[in-house]
Amino acid sequence: TVAPESNILANKAKELYGTPVVNAMPYGMKETERFVSAASNTLGKDPSDNWKNDKFELKRAITHFKEGLHSDKRRRVYLDIHKERINSLRQFINVELGLRVITPNEDSHSIYADGLIEPNPVIENDDVIAASGVMIRLYPKNRSICISEPTAGQKMFGEHMPYMGTRGAMSLMTLLHPAVW
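Worth saying up front: this structure is predicted, and the values here are computed from it rather than measured.

About the cut-offs
- Residues numbered from 1 in each chain as written.
- Predicted model: local features only at pLDDT ≥ 70, side-chain atom pairs only at ≥ 80, totals over all residues.
- Heavy atoms only, no water.
- Helix = DSSP H or I, 4+ residues; strand = E, 2+ residues; numbered from the N terminus.
- Buried < 20%, exposed > 50% of the residue type's maximum accessible area, 1.4 Å probe, protein only.
- Contact = heavy atoms within 4.5 Å.
- Areas by Shrake-Rupley, 256 points an atom, 1.4 Å probe, with all protein chains shown as cover.
- Pairing = 2+ DSSP bridges.
- Axes fitted to C-alpha atoms, helices over the stretch in contact; angles between N-to-C directions.

Visitor: Looking at this structure, how should I read the overall build of the protein?
Guide: Regarding its fold elements, the protein presents eight helices and four strands. For the protein, the N- to C-terminal ordering of α and β elements is α-α-α-β-α-β-α-β-α-β-α-α. Counting all 181 residues of the protein, 43% fall into the buried class. In the protein, once contacts between residues fewer than 6 apart in sequence are set aside, the share between residues at least 24 apart is 51%. Within the structure as shown, the protein displays about 10,500 Å² of accessible surface, and the carbon and sulfur contribution to it stands at 53%.

Below, the structure written as structure tokens:
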């Protein structure tokens, strides 16, 4: 759990029933490893062989993704989602995949920051937008991935494919690949 609302409930369950709490948003390799390690320590069990296989496959997929990037043609990814998700997704997309990520500044007018529509930094025509359905609708010429709150006629990629953990990271790379090349 990471969202403030869920932390309150999780901590109360921990207090009342001893329910273990793991604060993580497992996007990409680093955050998924952190989540699996925390869960493993909490449960007192080693990760399964499936985790080792999934980890190997994700490392291989990340390497393949990065090998195909051309530094002179790298697009920026404008990432505008809930604050509790943004840091781990930025870590995955920027650090692990090697893409340039821009996000709303703390004092910006992003949809999630304060409900207004003018983003800061400015979105350019070549930017890929990974955001809510509303934000994507505002920039119909940009390549985009709807990662939250789709509008009518949009399919949120997370509806049919997970976007956390190793499989989710591979699914997100599958969606990012055509958008950034």
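Visitor: Is there a simple way to explain the sheet that holds strand 3 (residues 128-132) in this structure?
Guide: Each strand in a sheet pairs with its neighbour through backbone hydrogen bonds, running either in the same direction (parallel) or in the opposite one (antiparallel). If you trace the four strands from one edge of the open sheet to the other, you get 2-1-3-4, paired in parallel fashion. Two strands bound the open sheet, and with one partner strand each, they are strand 2 (100-102) and strand 4 (144-148). Going from strand to strand, the sheet's axes swing by 20° on average, the running direction of each strand aside. In this structure, strand 1 (residues 76-79) lies alongside strand 2, joined through three bridges in parallel fashion. Residue pairing for strand 2: Arg76 is matched across the bridge by Arg100.

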